[in-house]
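Secondary and tertiary structure notes
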Amino acid sequence: MEHPENNEEYAGLQVNAGVEQPSIVNPYLSSMRKKRQKLFTAAEYVDGIIKGDISKLSQAVTLVESVHPDHQALAQEVIEKCLPYSGNSVRIGISGVPGAGKSTSIDAFGVHLLENYGGKLAVLAIDPSSEKTKGSILGDKTRMEKLAVHPKSFIRPSPTAGSLGGVARKTRESIILCEAAGYNNIFVETVGVGQSETACHSMVDYFLLIQLAGTGDELQGIKRGIMEIADGIVINKADGNNVDKAELAASHFRNALHLFPMPDSGVLPKVMTYSGFYEYRIDEVLKMVFDHIAEVKKNGYFDYRRNEQAKYWMYESINEHLKNGFYYNQLVKQSIGATEQEVLDGKMTSFIAAKKLLDLYYSTLK
């Protein structure tokens, strides 16, 4: 910008031009933009996974989680080719109420497992998504400080995205990929909200329930249906002034378990106390887990449970495909909004509306 004040007629007055203002657009933006990740062929993914390539494994899990039809088709092909290399791990589900210390405990369990039992460990953490924003923090990895930097561990947080069943199916498929990559120990951490525990139990060999002291007496323990599927119960934060409370809680849970019928495994669940933060009695908890697994392998229940799980997921897949086929049907998509409005206006009951849409869907199959 020119300044008239700098003309000769204004002797002794000098005005500098000033600093040129930069563009409001970042000149480095184009180079900073994340490049679209290249898709490999199914054979390339499988080859990388079998060789233990973390990058290929992570990308394959992303494909499994994607809802894009092309990604889904590629993911299914990768899973099918990885299937012969799977099934050689110990799958452990870990659940508990929010704040029970699941992530901190997994960090301690994982490090002790890798140091004392060897092998490799994959942690699949399911993170609840917001009902309002549909977003997830995916911050469990930050609480697993030691495992996050361990060379023999792989941590993968996944959002529920409002669908526990869908995430459970994707988690089961991710387990296959992790096993093919050589991870012989799999931890599955649930969101800890009730319904997801049943789905988690249907994909693991051992279901560990983390509890806290002061959550209720024997009767309260019996009322929780989750205790029926637990293979072991551990009371966390048994440290400092909380030791006595934790031991009392453990005795309550033991009394409650005696009122349940014997589990199908033929092994009565054990109850222990420990501290995940101070890493107190971690080795004893791991011994309890692996002793139980050794016992069910011996009596044949281990293989029986895996077969039942495979059958369960076959039917779950059928249900999901039928559901998707209904909602993605063009005629249903065109009619569902108007039918919903009729229900809201009180012109039609919910049941008649559902039957109307189902009849419409079935008519397209003829």
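Figured I'd write up the structure that's included with this text. (Residues numbered from 1 in each chain as written. Predicted model: local features only at pLDDT ≥ 70, side-chain atom pairs only at ≥ 80, totals over all residues. Heavy atoms only, no water.)

1. Concerning the overall build of the protein chain
- A tally of regular secondary structure across the protein chain gives 14 helices and seven strands.
- Taking all 366 residues of the protein chain together, 41% fall into the buried category.
- For the protein chain, contacts bridging at least 24 residues in sequence account for 73% of all contacts bridging at least 6.
- Total accessible area on the protein chain is roughly 21200 Å²; 55% of this is exposed by carbon and sulfur atoms. (Helix = DSSP H or I, 4+ residues; strand = E, 2+ residues; numbered from the N terminus. Buried < 20%, exposed > 50% of the residue type's maximum accessible area, 1.4 Å probe, protein only. Contact = heavy atoms within 4.5 Å. Areas by Shrake-Rupley, 256 points an atom, 1.4 Å probe, with all protein chains shown as cover.)

2. Section: the packing of aromatic side chains
- Enumeration over the complete set of coordinates arrives at ten aromatic pairs.
- Residues Phe109 and Tyr274 carry aromatic rings whose centres are separated by 5.5 Å and whose planes lie at 35° to one another, so their mutual orientation is tilted. Here Phe109 is found in helix H5 (residues 102-116), whereas its partner Tyr274 is found in the loop between strand S7 (270-273) and helix H11 (282-299), with 165 residues between them in sequence.
- Judged by relative accessible area, Phe109 falls into the buried class, the value being 2%.
- Between Phe326 and Tyr361, the aromatic rings sit 5.5 Å apart at their centres with planes inclined by 75°, giving edge-to-face as the arrangement. With Phe326 in helix H12 (residues 301-327) and Tyr361 in helix H14 (residues 350-365), this pair connects stretches of sequence that are 35 residues apart.
- By the ring-pair criterion, three or more aromatic residues cluster together here, those being Phe326, Tyr327, Tyr361 and Tyr362. (Phe/Tyr/Trp six-rings, centres within 6.5 Å; stacked < 30°, edge-to-face > 60°.)

3. Notes on the pairing of strand S6 (residues 232-235)
- The alternating pattern of S6 places Gly232 and Val234 and Ile233 and Ile235 on opposite faces, both of which are buried.
- Of the strand pairs in this sheet, strand S5 (residues 206-211) and S6 are connected by four bridges, and their pairing is parallel. Pairing of Leu209 across the sheet is with Ile233, part of S6.
- When S6 meets S7, the two strands line up parallel, connected through four bridges. (Pairing = 2+ DSSP bridges.)

4. Describing the environment of Leu124
- Relative to the assigned elements, Leu124 resides in strand S2 (residues 121-127).
- For the pair formed by Leu124 and Ile175, sequence separation is 51 residues and the distance between their alpha carbons is 8.1 Å.
- Excluding residues within four positions of it along the chain, Leu124 makes contact with Arg156, Thr171, Ser174, Ile175, Cys178, Ile186, Phe187, Val188 and Glu189.

5. Looking at the environment of Lys152
- Note that Lys152 resides in the loop between helix H6 (145-148) and strand S3 (153-159).
- For the pair Lys152 and Lys120, spaced 32 residues apart in the sequence, the C-alpha separation amounts to 5.0 Å.
- Setting aside chain neighbours within four positions, we find Lys152 in contact with Leu114, Gly119, Lys120, Leu121 and Tyr183.

6. Re the packing of H12 against H14
- Relative orientation of the contacting elements H12 and H14 amounts to 95°, with a least axis distance of 10 Å. When the interaxial angle is binned, H12 and H14 end up roughly perpendicular. Across from Leu322, Gly325 and Phe326 in H12, the residues of H14 making contact are Leu357, Leu358 and Tyr361.
- Taken together, the residues that form the contact of H12 with H14 break down as five nonpolar, one polar and no charged. (Axes fitted to C-alpha atoms, helices over the stretch in contact; angles between N-to-C directions. Parallel < 35°, antiparallel > 145°, perpendicular 65-115°, else oblique. Nonpolar A, V, L, I, M, F, W, Y, C, P; charged D, E, K, R; others polar.)

7. Structural notes on the nonpolar core
- By size, the foremost hydrophobic cluster in this structure holds 45 residues, and its most contacted members are Ile49, Leu57, Leu177 and Ile233.
- Per-element accounting of this core gives the leading share, six residues, to helix H10 (residues 243-258).
- Counting residues in each nonpolar core, the second largest holds 34 residues, with Leu147, Ile210, Leu212 and Val285 among its members. (Core = buried A, V, L, I, M, F, W, Y, C linked by side-chain atoms within 4.5 Å.)

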